[in-house]
Amino acid sequence: MAGILYLMAFVLQKESQKADEYLREIKEQSLLSEAVRQCVEAAGHEHEPETQKTLLRRHFTYRRNDNTHWFTPSLSQLLSLNFPPEQFVSMCRDLRVLNAVRDYTVGIPLTHTQFKQMTVQVLIDRLVYRKLYPLAIEVCRYLKTPEYQGVSRVLKHWACYKVQQKEESDEVIAKAVSVKLADAAGISYSEIATKAYESGRTELAIKLLEFEPRSGEQVPLLLKMKKSPLALSKAIESGDTDLVYTVVMYLKNELNRGDFFMMLRNQPVALSLYKQFCKHQEQDTLKDLFNQDDDHEELGNFYVKASYKDQRLEARVALLQSAVDEYYKAKNDFSAKTTEDEMRLLRFQRKLEEEKGEQLVGFSLHDTMTTLLSVGLHKHAEQLYKDFRVPDKRFWWLKLKALAEKEDWEELEKFGKTKKSPIGYLPFVEVCIKHHNKYEAKKYVSKVTPEQKVKAHLAVGDMEGAAEAAIERRNESEISTVLSRCSATTDHLLMERLNRAKATAVKK
Amino acid sequence: MAHTEWKDAPGLPDFSLLKRLARDQLIFLLEQLPGKKDLFIDADLMSPLDRIANVTILKQHEVDKLYKVELKPIVNLVNADKVAGRFRRYKIIFTPQKFYACETVLEEQGVYGDVTTDEWNFYILPLDDDILSLELPEFFRDNFLEGDQRWVTTAGSALRLLQSVYGSFSKVYGIGRCAKMVYESWRELMEDGEQRTRQPEFAKVFLVDRDVDFVTPLCSQVVYEGLVDDLFRIKCGSVEFGPDVTSSDKSIKVMLNSQDKVFSEIRNEHFSNVFGFLSQKAKNLQTAYDKRRGMDIQQMKAFVADELKGLKQEHRLLSLHIGASESMMKKKTKQDFQELLKTEHSLLEGFEIRECITYIEEHINRQVSMIDSLRLLCLLSITENGLLSKDYRSLKAQYLQSYGIEHLLTFANLRQLGLLEEQQAGETLTVMESKVGKLVNDKTVGKLTDAFSSLAKKSNFRALSKRLALVPKSGEEYDLRVPRDMAYVFSGAYIPLSCKLIEQVLERDGWTGMEEVTRMLNGQEFAVTEARSKTDAQRIVLVMFLGGCTFSEISALRFLGKERGCRFIVVTTAITNSSRLLEALLDNSA
């Protein structure tokens, strides 16, 4: 019946009355929409634009007849009709594209069926292959192909082709490419650059890579082009540590050690990353790196670290000696001296270990002395105290603690009398209390300085004494402290006295 | 500080979604290896994994046995199997992301071809309604000490994840080098991916580097939650209370979050208030129990059905927290702790520095605590802008005598981070002095020396503290029951610098007017407007701490939120405190 419709249209065109007859015929079979569909489809198979037009016009013709008067439909009216216009619209588009490629200058005589089979993508590919870039772009735009698959893809191909044109200079091409591609979404400049590189235009490739916003894409190609310094700085610029690692590892295998180190030296970020890697994987390389930089301080630290990883004493001492040398080179006298002390301490510890069988090697000076005192080797502890210029205070604390731990109260008392205690006598009181020896503690209370008297009395639980001391000193906060420790039931009188004293203290 | 007080504050987004996402991805990865499989888990990942997918879930997906991974065992396992001629399939799942270096290591160990690898993008673990953690304790050392920026992208990815789930942000503020890099990495990730326009659930983001404020994490914490962390170490939102707390011979693991009704009421309180609060609570509980008396059968039935379980639960929690605070009181009300706090406060105020140094010296000499001594030293150095050469050397020498020469390296690390320094300016100035000195007479030299030393002593912390009013005037009474500002988290002695910065920037909607402050903090500040939006989300602020944040800071921000009618969500690379911070910098082992 499409045939009839076609015929009818043909007749209508000639303004013949017969049309109405034809139309009625179709109507009777109530297959109008089918007829319209067929018309549209038939148009698709027609090569001659004029015939296409006629067939497509049928579509409207029928519509108009339905309303029994004639008019030219506008798009909106078209859309408001019952017959779905999509098919019609897409057919028009397809035909327009097909007609364009069928043009003799292009010469791709495709049938509509072929076109549907091979899809737009392939058609664009073919156009691209024939270097018909402008047409391909027009087609993409006309068919509203998404940019990624459409315009951008064509532009990329164009650019790839462009960069192979040997007669033009790098600058001209780079500029042309960047101007054309500026607004296109999803362009991978690195692919274009790869093409340029493959056709032997490294400089152009580098220029093009400048446009690539993603460093992750730039770096591999730069490496391939052996532009490692650039690759490294790009990787660092990207802030992507992983990328930097990739480049650093690549360089490590590619360059000789000297060049590699030199390159890292100019890139602090890469260097610190590589150091980090070496710390875990290659200790010796780390040393070489410090050596190259004449970083004696770090070298010293490196040896110190190495020394306590080693179990053997000789090795440890040797490593420490290296550390000392480095520290002196770094003009760090403090570290050098401390390290020398450590060597002396190690030797001392070893000697004593052999003589006395005490486990000592590796202890800090403080711990060594604690151990010595706890096993009663006071002489040796004292030797350390003198040799290593241990502050008096520390020594007193140490000895105090050690003696109390052994509950050697007699020795403690003697020690307390050797000279005036540099740490005062409150610690004596406290240490005795800690070991639950109130009797011993009381011995030292009288020796405590006036400022600490209250505390000392309180420590031994002597409320009376504490109150006495506090009142004597007329110190409000101390009186309050004592008050807070009094219990209302047993220390009633004391509290009264304290309160009175407090009142006068406040007045003052 | 119950939720009801924030009636006008906006509600928080539902972060359990993040857990679900991570769990689903893990399950997907497991399902990709059909059949029975053994799972080797890195020790550090154990607790976070447990929060995401427990053993039952793992078993459901045919995980046969679980092993804890110590050092490099996968490689050893593979190689051992190879020698034994056993055939198994191996897959290494890296989380949160795989690094190129991982492949290099596998290659070097000769197992690259034997294993397949995958990534589990488990970026964020919600620890509580308002705390999200990346669980990257290594972030601090790697980034700030070693200059290894590998985690920057991880932090960026975490932000992007938040953005894709909860909508985009309208404004981003930040300070610090790392913050800037994270922001840039995040921007880059955003450009790569598809844009989603939806109503945001939070609108403002504040990024802050840990090294902007070292003072705060170095102070002793006195807010309940912080104190629990300092004393018992909260791990992944749960804490193990030892026998001294539980008053039995067993340790108990407790989850500490807003689900725990007792804890959520005391977590932000100064610990001096906690005990009173708990005993009041205990009394209330008793009254509730006492209701039973005089009930008839029907009422009793209802009581048992409705209330008893809740009461029992509350009872259990209450007795735990009472136990914990008792044990705290025992440790913390001791003379030592009081003196420690006093020293800290003096340092913060810049008051009686000589006494402080003497105290620290004694602290070192008596070997009280390796970490605490170090902490005080750092606090001294930062607040005083470095130690005088003489003090530095003597204190360092004494420290080494106490704890061993290995700490030379620790000191080197601390110096590198600017945590513990010898006043360098002094040296260069001395050179200058002697040069100038040759030109003028003796008397003028003396004057010059004074002038120079005052120049050298100029301390940034002091200036900052003055400018931002971090340290309230001493002598004023501070009622810890009714805190008037964020200083309450440090007994009214100090407002955390980090939190003060956040407050100021949010108030000014940028850094304008704070140029001097940012200059003293070494700049690198930024404020970017991404989009405009006028919703409730404006009042939810995401604060990201790069390098860790302390519970005290979280408490301070909660307080600030309450004051300003907004809510803060803390995203941190890990929860930190003074011990964790300093332990990360020790170099006495490994």
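Given the structure is predicted, the values throughout are model-derived calculations rather than measurements.

**Q** Would you mind going over the overall build of chain A with me for this structure?
**A** Along chain A, the regular secondary structure elements total 31 helices and zero strands. Put simply, chain A has 508 residues, and 47% of those count as buried. Counting contacts in chain A only where the partners sit at least 6 residues apart, residues at least 24 apart contribute 46% of the total. Per element, the accessible surface of chain A, about 26,500 Å² overall, is 51% carbon and sulfur.

**Q** What should I look at first to understand the overall build of chain B in this one?
**A** Broken down by element type, chain B carries 26 helices and 13 strands. Residue pairs at least 24 apart in sequence account for 77% of intrachain contacts in chain B once pairs closer than 6 positions are excluded. In the form shown here, chain B has an accessible surface area of approximately 27,000 Å², with 51% of it arising from carbon and sulfur atoms.

**Q** Hey, could you run me through helix α22 (residues 365-374) of chain A in this one?
**A** The α-helix advances 3.6 residues per turn, and as a result positions three or four apart in sequence lie on the same side. Buried residues dominate α22(A), accounting for seven of its 10 residues. A:Leu365, A:His366, A:Thr368, A:Met369, A:Thr371, A:Leu372 and A:Leu373 are the residues of α22(A) that are buried. In this fold, the buried residues of α22(A) make contact with α21 (333-356), α23 (378-387) and α24 (392-405) of chain A together with α16 (353-365) and α18 (389-403) of chain B. Trailing α22(A) by a residue or two, A:Gly376 shows a phi angle of about 85°, which is positive.

**Q** Hey, could you run me through the packing of helix α17 (residues 370-383) of chain B against helix α19 (residues 407-417) of chain B in this one?
**A** A pair of packed helices is characterised by two quantities: the angle between their axes and the separation of those axes. All names here are of chain B. It is at 12 Å that the axes of α17 and α19 come closest, and there the two elements cross at 35°. At the point where α17 passes α19, the crossing takes the right-handed sense. For the pair formed by α17 and α19, the contact residues are Met370, Leu374, Leu377 and Cys378 on the first element and His407, Thr410, Phe411 and Leu414 on the second. For the contact of α17 with α19, the class distribution of residues is six nonpolar, two polar and no charged.

**Q** Before we go on, may I ask you to explain the pattern of salt bridges in this structure?
**A** Proximity of charged atoms lets side chains of opposite charge pair with each other. Evaluation of the coordinates by the stated rule reveals 38 salt bridges over all chains. As a salt-bridge pair, A:Arg350 and A:Glu314 come within 3.8 Å of each other at their nearest N and O atoms. Taken together, the residues A:Arg350 in helix α21 and A:Glu314 in helix α20 (residues 313-329) connect sequence positions 36 residues apart. Note that B:Lys171 is salt-bridged to B:Asp509, the shortest N-O span being 3.3 Å. Note that B:Lys171 is positioned in strand β7 (residues 171-175) and B:Asp509 in the loop between α23 (497-508) and α24 (515-520), a separation of 338 residues in sequence.

**Q** Can you walk me through the pairing of strand β13 (residues 567-572) of chain B in this structure?
**A** A regular strand places its side chains so that they alternate between the two faces of the sheet. Residue and element names in this part refer to chain B. With six of six residues buried, β13 lies mostly within the body of the structure. Alternating residues of β13 divide into Arg567, Ile569 and Val571 and Phe568, Val570 and Thr572, and every residue in both groups is buried. Where strand β12 (residues 540-546) meets β13, six bridges bridge the pair, whose relative direction is parallel. Paired with isoleucine 540 across the two strands is arginine 567, which belongs to β13.

**Q** Would you mind going over the interface of chain A and chain B with me for this structure?
**A** Interface extent is often summarised as the accessible area lost during association of the parts. On the side of chain B, 43 residues touch chain A, which itself brings 41 residues to the contact. Contact with chain B buries area across many residues of chain A, yet A:Phe334, A:Arg394 and A:Trp397 alone supply 18% of it, more than any other trio. The tally of links from chain A across to chain B stands at zero salt bridges. In terms of residues, the side of chain A that touches chain B owes the most to one element, helix α17 (residues 268-281) of chain A, which gives seven residues. Across the side of chain A that touches chain B, the residue classes tally to 14 nonpolar, 12 polar and 15 charged.

**Q** Would you mind going over the sheet that holds strand β11 (residues 525-529) of chain B with me for this structure?
**A** All names here are of chain B. An order of β5-β6-β13-β12-β8-β7-β11 is seen for the seven strands of this open sheet, with the pairing classed as mixed. Only two strands of the sheet have a single neighbouring strand rather than two, namely β5 (125-128) and β11. Direction aside, the axes of adjacent strands within the sheet are offset by 20° on average. In the sheet, β7 pairs with β11 via five bridges, with the strands oriented antiparallel. Looking at β11, one finds that glycine 174 is bridged to phenylalanine 526.

**Q** Even after reading the chapter, I still don't get the confidence of the model for chain A, so can you show me in this structure?
**A** For residues with low pLDDT, the predicted coordinates do not support detailed interpretation. Summarising the model, chain A shows a mean pLDDT of 76, and 81% of its residues fall at 70 or more. Mean pLDDT in chain A bottoms out at helix α5 (residues 75-80) of chain A, which sits at 40, and peaks at α20(A), which reaches 89.

**Q** Help me understand the packing of aromatic side chains in this model?
**A** The way to describe two aromatic rings as a pair is by their centre distance and the angle between their planes. All told, the structure shown has 26 aromatic pairs over all chains when counted by the stated rule. Centroid distance B:Phe490 to B:Tyr494: 5.6 Å. Interplanar angle 35°. Geometry classified as tilted. Relative accessible area serves as the criterion here: at 0%, B:Tyr494 is assigned to the buried category. Among the aromatic residues, those joined into a cluster by ring pairs are A:Trp396, A:Phe415, A:Tyr425, A:Phe428 and A:Tyr444. Between the NZ or CZ atom of B:Arg150 and the centre of the ring of B:Phe99, over which it lies, the distance is 5.4 Å.

**Q** Honestly, helix α6 (residues 138-145) of chain B in this entry has me stumped. Any pointers?
**A** Residues and elements named next belong to chain B. Judged by how many residues are buried, α6 sits mostly within the fold: seven of eight residues are covered. Within α6 the residues assigned to the buried category are Phe139, Phe140, Arg141, Asp142, Asn143, Phe144 and Leu145. Phi turns positive one or two residues past the end of α6, at glycine 147, with a value near 65°.

**Q** What am I meant to see in the packing of helix α7 (residues 112-129) of chain A against helix α9 (residues 151-162) of chain A here?
**A** All names here are of chain A. Interaxial distance between α7 and α9 falls to 11 Å at its minimum, and their mutual angle equals 20°. Compared by their axis directions, α7 and α9 come out roughly parallel. Considering only the axes of α7 and α9, their crossing is right-handed. Contacts between α7 and α9 pair Gln121, Ile124, Asp125 and Val128 from the former with Arg153, Val154 and His157 from the latter.

**Q** What is the right way to read the environment of B:Leu387 from this model?
**A** Residues and elements named next belong to chain B. Secondary-structure assignment places leucine 387 in the loop between α17 and α18. Of the residues examined, leucine 387 reaches a relative accessible area of 4% and is grouped as buried. Through-space distance from the C-alpha of leucine 387 to that of alanine 493 is 23 Å; in sequence the pair is 106 residues apart. Ignoring any residue separated from it by four or fewer positions in sequence, one finds leucine 387 in contact with Leu377, Leu380, Ser381, Tyr392, Leu395, Leu420, Glu421, Glu422 and Gln423.

Definitions and limits used
Residues numbered from 1 in each chain as written. Chains lettered and ligands numbered in written order. Predicted model: local features only at pLDDT ≥ 70, side-chain atom pairs only at ≥ 80, totals over all residues. Heavy atoms only, no water. Helix = DSSP H or I, 4+ residues; strand = E, 2+ residues; numbered from the N terminus. Buried < 20%, exposed > 50% of the residue type's maximum accessible area, 1.4 Å probe, protein only. Contact = heavy atoms within 4.5 Å. Areas by Shrake-Rupley, 256 points an atom, 1.4 Å probe, with all protein chains shown as cover. Axes fitted to C-alpha atoms, helices over the stretch in contact; angles between N-to-C directions. Left-handed = near helix turned anticlockwise from the far one by under 90°. Nonpolar A, V, L, I, M, F, W, Y, C, P; charged D, E, K, R; others polar. Salt bridge = Lys/Arg side-chain N within 4 Å of Asp/Glu carboxyl O. Pairing = 2+ DSSP bridges. Buried area = accessible area lost by both parts, 1.4 Å probe. pLDDT = per-residue confidence, 0-100. Phe/Tyr/Trp six-rings, centres within 6.5 Å; stacked < 30°, edge-to-face > 60°. Lys NZ or Arg CZ within 6 Å of the ring centre and 35° of its normal. Parallel < 35°, antiparallel > 145°, perpendicular 65-115°, else oblique.

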